[in-house]
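One letter stands for each residue in the lines below.
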Amino acid sequence: VAPSARIPSQLCTARSIMPVDRHVLANERTLMAWLRLAATMGLGAFLVNVLQKSSSKAALGPMSLVQSLVAIIIAAVSLVRFYQRDYLLKSRHMGAAFGDWMLPVLSGGMILAIVVSATGSAISRWAEWHFHGPECVALPGFLETPGAPRPHVYVSFHGSSEPTSAICHPEQGVSGIHKFSLASGEYVGPATDQLSAVQKMPRQLLVAGDHLLVADGAPSMSSVAVFGRCVPPEPDHVSVPPREFLGVIRAPAQDTRSAEGLLAHGAPVTPLAMEHPYGLALGPDGSTLHVSTQNGGAAISVSLKNGSMALTQQVAPPVPLVGRQVGGPLRGIAVDAANCMHVADRKAHRVAHYCPADAPQPSGFTEVKHPIALSVVHDMPHEAGTLLVGSVEKRASLDADGSDIGDAEGVVLAFPLDLHKPVFPLKVSATYGDKKSLSHPAGMLVSGGLLYVLDQSSKQLLSFDLETAKYKGAAIKTLPDVPEDVALVPDGC
């Protein structure tokens, strides 16, 4: 070979190692790319968890946790692949190695999860924005008639566990309190503003002076909401604005003493005792609120003067709401003019009587098939008043929370009261309703010589002649959700 045709040894050596250098650099660039992706995912998970408004700041959210784990896996796999390639390059491996399908699949799955999460978040934000719009405060699909003839009544409904999404869809549950005309059955308008006071599952309600009290039986709420006085309508308006939300009455933090101490007469009220408040009643002094808790199995007294709470009676063993909603034993509560308290124990098939209301032991019992709502009225021909008890006489099958579904037969039983020498059990003086007119009685009131009873099965407010017990018809024929309680609206509200 001529000298001019010879190839320098340095050039030959450089060309022989260039392919190795190129693959090494490619391997390093691949590692850096995957590590950047892992770092981006990990940092994104951290920032989302730190910046989001969460009530649980100590723990990562599910999406952030998954994203962090995937970032760690990607970083680990990329490092393993890097060293594997580096070994193959150093050993000048010429055959097939391995396919990197794991990292692309992980990345693609994470990107898909992020897209799904972002879409769900956008839908949630839209629902929240829609919830805060004023157009659904009044019942959608119902004509608001503030000028409907009086008297008006407040009605509470079974509600929804997701009120922010159900507020514009009454068929999913109505969590607000609304007004209807007792005279014409027309819808009057909202009594509470769900935008400022989010309730989930309202139960019985009570007008106490200028305030409206509503029991919320949702497992995550378990409280009594307090609404302020009625505000007169503006000069150019007929409708009365919803009552202002003032706050809630709920049990203080969990007591750490033994269970025996927590269930004792006069013990402090715990979240267990306050689980699923159902019935509300005002004592004769007008300053003591009595609350029956469906799952707590307790009768609780609350001073409306200073807010102090006490467990008055543990009427039945508590049934904790763990994992799913399970129906507890207690339902309604009532207090008469002699300060005797009456509590419906549906599971024990009786009404327990305590005279006085803070008596440590029951004064007696009255057997009732399945007592639900209780009410003491003074518009009946008994000077001392009458205890009305709504009962399901023939039970149908039950759903998860213990409510009747399907056909049932209900009645309202009237028991005259003796305020001077109460004797138990009480004796029935009248029976309202039969299988043709009433299935599942709930809230009751007396007005204008008529007894009005909510029927949960037909979603109607039924009326009966107070003296003859004859069925008169439906005062409100169409209610948007299963009704829970009814109360007269004070004048001017």
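Being a predicted model, the structure only gives us computed values, none of them experimental.

Cut-offs applied
Residues numbered from 1 in each chain as written. Predicted model: local features only at pLDDT ≥ 70, side-chain atom pairs only at ≥ 80, totals over all residues. Heavy atoms only, no water. Disulfide = S-S within 2.5 Å. Helix = DSSP H or I, 4+ residues; strand = E, 2+ residues; numbered from the N terminus. Buried < 20%, exposed > 50% of the residue type's maximum accessible area, 1.4 Å probe, protein only. Phe/Tyr/Trp six-rings, centres within 6.5 Å; stacked < 30°, edge-to-face > 60°. Lys NZ or Arg CZ within 6 Å of the ring centre and 35° of its normal. Pairing = 2+ DSSP bridges. Axes fitted to C-alpha atoms, helices over the stretch in contact; angles between N-to-C directions.

Chemist: Looking at this structure, I do not really get the state of the cysteines. What am I missing?
Modeler: One way to say it: the disulfide is the covalent bond shared by the sulfur atoms of two cysteines. The full count for this structure, using the stated rule, is 3 disulfides. One disulfide in the model links cysteine 136 with cysteine 168; its S-S distance is 1.9 Å. Sign of the S-S torsion, about 110 degrees for the bond between cysteine 136 and cysteine 168, identifies this disulfide as right-handed. With cysteine 136 in the loop between helix H3 (102-131) and strand E1 (152-157) and cysteine 168 in the loop between helix H4 (163-166) and strand E2 (178-181), the pair connects residues that are 32 residues apart, well separated along the chain. In this structure, cysteine 136 and cysteine 168 share a single accessibility class: buried. A sulfur-sulfur separation of 1.9 Å characterises the disulfide bridge that pairs cysteine 230 with cysteine 493. On the sign convention where negative is left-handed, the bridge of cysteine 230 and cysteine 493, at about 110 degrees about the S-S bond, is right-handed. Separated by 263 residues along the polypeptide, cysteine 230 in the loop between strand E6 (223-227) and strand E7 (245-249) and cysteine 493 in the segment after strand E26 (483-488) bring together distant segments of the chain. Pair check on accessibility: cysteine 230 and cysteine 493 agree, each one buried. Bonded cysteines in the protein are paired 1-2, 3-6, 4-5 when counted in the order they occur along the chain.

Chemist: What exactly am I supposed to notice about the packing of aromatic side chains here?
Modeler: A complete count under the given rule lists 7 aromatic pairs for this structure. With a centroid separation of 5.9 Å and an interplanar angle of 70 degrees, the aromatic rings of phenylalanine 142 and tyrosine 187 are classed as edge-to-face. You can see phenylalanine 142 sitting in the loop between H3 and E1 and its partner tyrosine 187 sitting in strand E3 (residues 187-190), a full 45 residues away along the chain. Classification of phenylalanine 142 by relative accessible area gives partly exposed; the value is 24%. We note arginine 350 situated over the ring of phenylalanine 365; from NZ or CZ to the ring centre the distance is 3.8 Å.

Chemist: In this structure, what is going on with the sheet that holds strand E13 (residues 341-345)? I would like to understand it.
Modeler: Two pairing modes exist for strands in a sheet, parallel and antiparallel, and in both the strands are linked by backbone hydrogen bonds. In space, the 4 strands of this open sheet follow the order E12-E13-E14-E15, with antiparallel pairing throughout. Edge positions in the open sheet fall to strand E12 (330-335) and strand E15 (364-367), since each of these has one partner strand only. Across the sheet, the mean angle from the axis of one strand to that of its neighbour is 20 degrees, orientation sign disregarded. Pairing between E12 and E13: 4 bridges, direction antiparallel. Considered in E13, the bridge of isoleucine 333 is made with valine 343.

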